[in-house]
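Structural overview for review
Below, each chain spelled out in residue letters.
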Amino acid sequence: MAAIVISGICAQERPYRPTNAKLTDQNSFSMIVYPDPQGYVKYAQNQPILELMTTWTAYNIDRLNIKAVLCTGDIVEFNELAIADPRMSNQNSVEQWEGASRAFEQIDGKVPYINCLGNHDYGYKSSEKRITNFSKYFPFDRNPLWKDCLVEVAHNYEDKPTLENAAYEFSDDNWGKILVLVLEFSPRDEILEWAKKVCDSNKYKNHKVIVLTHSYMDYKGKVYESEDYLISPANYGKDIWERLLYSCPNVKLLICGHDARIGSFEQNVGFRTDKNIANKNVHQMMWNAQTAGGGWEGNGGDGWLRILEFMPDGKTIKVKTFSPLLAISEAAASQAWRTEKYDQFDIIVE
């Protein structure tokens, strides 16, 4: 390695740090996707990994030209438990919400982030009813950068406007206008109607729409027709497809999480492409990692996240899967990128 001299002192040239990810093309921009983070906040010892993920994001905003962070939901393991369940957590719900909130503080005022809510974010343990503490910890005024991109909101189950269902607008010279539309877990009829109205409006009909919701399909690409939750009223994957994705020609991509298994990485990701009413491709990507760090009671997911690089051709999204947790260790840095075909691939937007 070449040596350099600083003030008469010979020092080794500093090596490239593996945590400093790079864009394929300097004219690209990116969005970062966090998979279900519940496993990081249910145990106090896992909490620093989620904070590492958000800190890494903050550090790479300029390097990766990050426009937004998308989180697939299940922000916490339990929405409303006063006493931690020792069989599967050592933090109660207040501690879990505070832990998630503390992690996202790292990117407040630095980049817009968009959280969708999962089944564990509602009810007591898992969607027994449509109540959530989300707005208590993530109110409208929390991240000042939302003011520049938040363009639509819908009302929650209490008939109050919240970020549970919202739309965020982003602009790029090569991509034009992009609308990220976030939907609550198992959205109600009125939410699917609201979302379709937004997509169909003259204001957004020429936007490229990305739908972010928690539950939609499994790792095999099978779209859910129903799920065994008490929450009601509710619509599941098939309804979301038929009433929104298929019928709105400007929807280009859906991103979800939720499905997770004890097994290989391949059993925790899914992808499919279907034609919409205009005979154009709608891509659907399921991405979760919560069992990757040792199963259900492991470290929460080994810090895995996805980098979506929007190429300057205005149609190609390069998907890459990366762990800043593994990257900071010299012994593990060579494993910090997952490069199998299901973890590193291109999406072509029509």
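Conventions used here
Residues numbered from 1 in each chain as written. Predicted model: local features only at pLDDT ≥ 70, side-chain atom pairs only at ≥ 80, totals over all residues. Heavy atoms only, no water. Helix = DSSP H or I, 4+ residues; strand = E, 2+ residues; numbered from the N terminus. Expected span 1.5 Å × (residues − 1). Buried < 20%, exposed > 50% of the residue type's maximum accessible area, 1.4 Å probe, protein only. Arc of directions from axis to C-beta. Contact = heavy atoms within 4.5 Å. Phe/Tyr/Trp six-rings, centres within 6.5 Å; stacked < 30°, edge-to-face > 60°. Lys NZ or Arg CZ within 6 Å of the ring centre and 35° of its normal. Disulfide = S-S within 2.5 Å. Pairing = 2+ DSSP bridges. Right-handed = clockwise from strand over helix to strand, strands pointing away. Axes fitted to C-alpha atoms, helices over the stretch in contact; angles between N-to-C directions. Left-handed = near helix turned anticlockwise from the far one by under 90°. Nonpolar A, V, L, I, M, F, W, Y, C, P; charged D, E, K, R; others polar.

What about helix H6 (residues 189–200)?
- Over its 12 residues, H6 runs 17 Å from end to end, which matches the ideal 16 Å to within 8%, given 1.5 Å per residue.
- Among all positions in H6, only Ile-191, Leu-192, Trp-194, Ala-195, Val-198 and Cys-199 are buried. Relative to the axis of H6, the buried residues are bounded by an arc of 160° and lie together on one face.
- Its buried side turned inward, H6 meets strand E6 (150–155), strand E7 (161–172), strand E8 (176–182), strand E9 (208–212), helix H7 (237–245) and strand E10 (251–256).

With respect to the packing of aromatic side chains
- On inspection of all chains with the given rule, the structure shows 16 aromatic pairs.
- Centroid distance Phe-29 to Phe-310: 4.6 Å. Interplanar angle 10°. Geometry classified as stacked. With Phe-29 in strand E3 (residues 29–34) and Phe-310 in strand E13 (residues 305–310), this pair connects stretches of sequence that are 281 residues apart.
- A residue is classified by how much of its surface remains accessible, and Phe-29, at 1% relative accessible area, is buried.
- Put simply, the rings of Tyr-34, Phe-104, Tyr-113, Phe-134, Phe-138 and Trp-146 pair up and form one aromatic cluster.
- Note that Lys-67 overlies the ring of Phe-29, its terminal NZ or CZ placed 5.2 Å from the centroid.
- Sitting above the plane of the Phe-265 ring, Arg-338 keeps its charged end 3.6 Å from the centroid.

Let's talk about the environment of Trp-97
- Structurally, the position occupied by Trp-97 is in helix H3 (residues 93–104).
- A sequence separation of 40 residues divides Trp-97 from Tyr-137, and the C-alpha atoms of the two residues are 7.1 Å apart.
- If we skip the residues at most four places from it in the chain, Trp-97 touches Ile-75, Val-76, Phe-78, Asn-79, Asp-121, Thr-132, Asn-133, Phe-134, Tyr-137 and Phe-138.

Details of the state of the cysteines
- Inspection of the entire model under this criterion finds 0 disulfides.
- Here Cys-248 is not cross-linked by a disulfide; its sulfur's nearest cysteine counterpart is in Cys-199, at 4.5 Å.
- For Cys-248, a relative accessible area of 0% corresponds to the buried category.
- With no disulfide of its own, Cys-256 lies closest to Cys-116 among cysteine sulfurs, the gap being 8.8 Å.

Let's talk about helix H2 (residues 47–59)
- Taking 1.5 Å as the rise per residue, H2 with 13 residues should run 18 Å; its terminal C-alpha atoms sit 19 Å apart, in good agreement.
- The complete set of buried residues in H2 reads Gln-47, Ile-49, Leu-50, Met-53, Thr-54, Trp-56 and Thr-57.

Here's the deal with the pairing of E10
- Judged by how many residues are buried, E10 sits mostly within the fold: 6 of 6 residues are covered.
- Relative to E10, E9 runs parallel, the two sharing 4 bridges. Bridged to Leu-212 within E10 is Ile-255.
- Remark: the E9/H7/E10 crossover connection has right-handed handedness.
- Bridge count between E10 and strand E12 (residues 281–287): 4 bridges; the pairing is parallel. When the bridges of E12 are listed, Leu-254 appears paired with Gln-284.

Section: unusual backbone geometry
- With omega at -5°, the peptide bond leading from Ser-232 into Pro-233 counts as cis.
- Locating Pro-233 in the fold gives a position in the loop between E9 and H7.
- The backbone of Asp-74 shows a phi angle near 55°, a positive value even though the residue is not glycine.
- Among the structural elements, Asp-74 can be located in the loop between strand E4 (66–71) and H3.
- Even without being glycine, Asp-159 reaches a positive phi, approximately 65°.
- Structurally, Asp-159 is set in the loop between E6 and E7.
- Judged by relative accessible area, which is 56%, Asp-159 ranks as exposed.

Looking at the side chain of Glu-164
- Structurally, the position occupied by Glu-164 is in strand E7.
- Those residues in contact with Glu-164 that lie beyond four places of it in its chain are Leu-117, Tyr-122, Thr-132, Phe-134, Ser-135, Asn-156, Val-182, Leu-183 and Glu-184.

Observations regarding the sheet that holds E7
- Ordered by their spatial adjacency, 7 strands build an open sheet running E6-E7-E8-E9-E10-E12-E11, and the pairing between neighbours is mixed. Every other strand in the sheet has two partners, leaving E6 and strand E11 (269–275) as the edge strands with one partner each. Neighbour-to-neighbour, the strand axes of this sheet turn through a mean angle of 15°, independent of strand direction.
- In this structure, E8 lies alongside E9, joined through 5 bridges in parallel fashion. Bridging across to E9, Val-182 finds its partner in Leu-212.
- Contacts from H6 reach E6, E7, E8, E9 and E10, with the element oriented near 155° to E6.

Concerning the packing of H6 against H7
- Contact pair H6 / H7: the axes reach a minimum separation of 9 Å and the direction vectors enclose 35°. As H6 packs across H7, the resulting crossing turns out to be right-handed. Counted together, Asp-189, Leu-192, Glu-193, Ala-195, Lys-196 and Cys-199 of H6 and Asp-239, Ile-240, Arg-243 and Leu-244 of H7 form the full contact between these two elements.
- Residues of the contact of H6 with H7, tallied by class, amount to 5 nonpolar, no polar and 5 charged.

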